[in-house]
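A structural walkthrough
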Amino acid sequence: MASEVIDIDSLHVDLRKRLDLLGFNHPLPIGAIGIVSAILDDLIKTAEKLKFAKQHINELNQEKSAWELGVEPYKCDNSRLLAECNELHLEIVKQRDKFVLLNTDLKCRIRNLQTEKKQLEERCLQADARIRELQCDSGKSRKDGVNMRM
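All figures in this text were calculated on a predicted structure; none of them were measured in a lab.

Description of the overall build of the chain
Of regular secondary structure, the chain possesses two helices and zero strands. Rg of the C-alpha trace for the chain: 55 Å, well past the compact-globule value of 15 Å for 150 residues, more than 25% over. With respect to the principal axes defined by its C-alpha atoms, the chain has extents near 175 × 35 × 20 Å. Per-residue burial for the chain yields a buried fraction of 6% across its 150 residues. Approximately 13800 Å² of the chain is accessible, and the part contributed by carbon and sulfur atoms is 61%. Treating the 25 positive side-chain charges of the chain as one cloud and the 25 negative ones as another, the clouds have centres 18 Å apart.

Focus on the layout of surface pockets
Estimated volume of the largest pocket: approximately 150 Å³. Contributing to the lining of the largest pocket are Leu19, Leu22, Phe24, Leu28, Val36, Ile39, Leu40 and Leu43. Top element by residues in the lining of the largest pocket is helix α2 (residues 33-149). It accounts for four residues. Grouping the constituent residues of the lining of the largest pocket by class yields eight nonpolar, no polar and no charged.

Reading the values: rules and limits
- Residues numbered from 1 in each chain as written.
- Predicted model: local features only at pLDDT ≥ 70, side-chain atom pairs only at ≥ 80, totals over all residues.
- Heavy atoms only, no water.
- Helix = DSSP H or I, 4+ residues; strand = E, 2+ residues; numbered from the N terminus.
- Rg over C-alpha atoms; globule rule 2.2 N^0.38 Å.
- Buried < 20%, exposed > 50% of the residue type's maximum accessible area, 1.4 Å probe, protein only.
- Areas by Shrake-Rupley, 256 points an atom, 1.4 Å probe, with all protein chains shown as cover.
- Lys, Arg positive; Asp, Glu negative; His and termini not counted.
- Charge placed at Lys NZ, Arg CZ, Asp CG, Glu CD.
- 1 Å grid on protein atoms, 1.4 Å probe; cavity = no way out; pocket = protein on both sides within 12 Å on 5 of 7 lines; lining within 4 Å.
- Points joined across faces, edges and corners; volume = space filled by probe spheres on them.
- Nonpolar A, V, L, I, M, F, W, Y, C, P; charged D, E, K, R; others polar.

Printed below as a string of structure tokens:
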């Protein structure tokens, strides 16, 4: 039992010093040594983890800042290229519209020319028929004229 008393006394003195360093000057009952010691150990571990997490966050923020600085020139290029791409797309749309209008106009002209060609071919056939008819009539009238002279 004497060793337990010494251990409890040494734990109490050690814990009291640690609590005094943290600014906790209230009396510490002997019965609370176990729980206060466990809570203090957890508090110290949590504080260390928090410190490590803050350092890690600072490092990540520095990396992020460096990355953003490295990306900045590309952002400018990207907006310039995007504007240029939009202009080119608009130009392509205008050219396509012109092409569609021109193509429609040319198809209309082709239909008109084909219709005109058919009409001219019919007239040509009619004219050929009329020429043959006139040649036949002319040949008959010559024969008749020759026959009348004789």
